[in-house]
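Next come the chains, spelled out residue by residue.
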Amino acid sequence: VQLVESGGGLVQAGGALRLSCAASGRTLSDYAMGWFRQAPGKEREFVASIIRSGSRTYYADSVKGRFTISRDNAKNTVYLQMNSLKPEDTAVYFCAATTAFAWPYYRDTDYDYWGQGTLVTVSS
């Protein structure tokens with residue numbers, strides 16, 4: 001499966017962005033999905049995950065209550081709605097897909113496929 005992220009950009013603190021991850025090559029419903037991010041000079045970190053049906057989600061504590069992961073399997077797309085953005089949310093955001101059954105899918109080693117990333121910059 002190929003993954004392509006979009007929707008990144010520059011936003012002021014307190015603002016919102018919605019990231020999209022479009023999948024091609026295989027049906028999205030075959031995969032659990034996750035979002036990760038990597039800030040400059042830091043390691044990649046887990047943001048959110050969602051199971052195949054979309055009925056269960058899991059979040060990093062740093063984004064809980066502000067970010068929402070969702071998916072539309074008919075459109076082969078996963079979303080990350082980001083509200084109340086903070087400067088510390090600045091990072092390249094990656095979506096990832098896995099065929100494994102490894103709930104809650106918070107480890108990057110759980111994933112088989114990765115997108116190229118989209119940059120989110122939050123100004124103070």
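Attention in this report is confined to the structure presented alongside it. (Residues numbered from 1 in each chain as written. Predicted model: local features only at pLDDT ≥ 70, side-chain atom pairs only at ≥ 80, totals over all residues. Heavy atoms only, no water.)

This next bit is on the sheet that holds strand S8 (residues 77-82). Strand pairing within a sheet occurs via backbone hydrogen bonds; the two strands may be parallel or antiparallel. Reading across from one edge, S1-S3-S8-S7 is the order of the four strands in this open sheet, with antiparallel pairing throughout. The open sheet has two free edges, formed respectively by strand S1 (2-6) and strand S7 (67-72), since each of these has just one partner strand. Each strand axis lies, on average, 15° off the axis of its neighbour in the sheet, ignoring direction. (Pairing = 2+ DSSP bridges. Helix = DSSP H or I, 4+ residues; strand = E, 2+ residues; numbered from the N terminus. Axes fitted to C-alpha atoms, helices over the stretch in contact; angles between N-to-C directions.)

Moving on, we get to the pattern of salt bridges. What the rule picks out here adds up to seven salt bridges. In this structure, the salt-bridge partner of Glu45 is Arg37, at a minimum N-O distance of 2.6 Å. Glu45 sits in the partly exposed class, given a relative accessible area of 35%. Of the residues examined, Arg37 reaches a relative accessible area of 5% and is grouped as buried. A salt bridge links Arg66 to Asp89, with the nearest nitrogen and oxygen atoms 2.7 Å apart. Here Arg66, found in the loop between strand S6 (57-59) and S7, pairs with Asp89, found in the loop between S8 and strand S9 (91-98); they are 23 residues apart in sequence, far enough to count as distant. The burial state of Arg66 is the same as that of Asp89; both residues are buried. (Salt bridge = Lys/Arg side-chain N within 4 Å of Asp/Glu carboxyl O. Buried < 20%, exposed > 50% of the residue type's maximum accessible area, 1.4 Å probe, protein only.)

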